[in-house]
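In case you want the letters, here they are:
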Amino acid sequence: MSEAIFITGTPCTGKTTVSERLASKLGCRLIKINDLAIENDFVLGIDDEKGYKVIDIPKLNEKVAEIISDSDELLIFEGHLAHLCDGADKVIVLRVRPEILRSRLEGRNYSESKIRENLEAEAMGVCTVEAYDIYGEEISEIDVSDLTVDGIVDGLSGIISGEKTYPVGEVDFMDWLISNS
């Protein structure tokens with residue numbers, strides 16, 4: 001029987017870096033949700049206004065379910081859409097203070113409008129809210145702003161093993177939104 005861990009969060013919160021290190025540490029399979037969507041032709045098009053790929057979430061969800069049912073190992077699904085899929089045993093949302101996130105997004109040459117959209121999403125906890133709507137209290141939310149990659153990996157390992165808890169609602173960046181609106 002497999003166990004599926006979904007690691008999600010706003011772009012540039014460290015999902016890919018941390019998931020790669022975690023999968024290596026645990027010796028498990030890592031599935032990158034964005035790559036899975038592209039490889040399986042689940043891209044419906046490009047949003048004209050915002051410039052991002054529009055993904056067929058129901059088809060992605062079916063593929064994720066298929067991978068989980070065909071596996072008997074620990075699986076880590078990584079990506080900002082992971083929490084929109086069913087089948088997770090644990091969902092972990094990585095959060096980063098907006099001022100740190102801004103510099104990371106700028107480093108990827110995001111447009112100012114895309115930066116603003118992602119900062120607002122992070123401040124409002126959009127990924128957490130969406131994950132909570134599907135999984136309820138079964139999700140973990142961890143502020144990784146001041147943690148090293150190894151520190152984050154240790155925290156995630158603790159969540160997976162059940163030794164650590166990071167309950168929803170303890171991360172709050174709404175002050176940033178209020179002071180920057």
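See the structure printed just above.
Bear in mind that the values here come from a model prediction, so they are computed numbers and not experimental data. (Residues numbered from 1 in each chain as written. Predicted model: local features only at pLDDT ≥ 70, side-chain atom pairs only at ≥ 80, totals over all residues. Heavy atoms only, no water.)

## Here's the deal with the packing of aromatic side chains
To be explicit about the condition: Two rings from Phe, Tyr or Trp (for Trp, the six-membered ring) form a pair when their centres sit within 6.5 Å of each other. Planes less than 30 degrees apart are called stacked, planes more than 60 degrees apart edge-to-face, and all others tilted. Secondary structure is summarised from DSSP: a helix means a run of H or I of at least four residues, a strand means a run of E of at least two, and numbering begins at the N terminus for each. To sort residues, take the accessible area from a 1.4 Å probe on protein chains only and compare it with the maximum for the residue type: under 20% means buried, over 50% means exposed, and anything in between is partly exposed.
The tally for this structure, following the rule as stated, stands at 2 aromatic pairs. Relative to Phe77, the ring of Phe6 has its centre 5.1 Å away and its plane inclined at 70°; by these criteria the two rings are edge-to-face. Here Phe6 is found in strand E1 (residues 3-8), whereas its partner Phe77 is found in strand E5 (residues 74-78), with 71 residues between them in sequence. According to the relative accessible area criterion, Phe6 is buried, its value standing at 1%.

## Focus on the pairing of strand E7 (residues 139-143)
For clarity, the threshold we go by: One bridge is not enough; two strands pair if DSSP finds at least two bridges between them.
Burial runs high along E7: 4 of the 5 residues are buried. Of the pairings in the sheet, the one linking strand E6 (residues 90-95) to E7 comprises 5 bridges and is parallel in character. Bridging across to E7, Val93 finds its partner in Glu141.

Treat this as a map of the structure, not an account of what it does.
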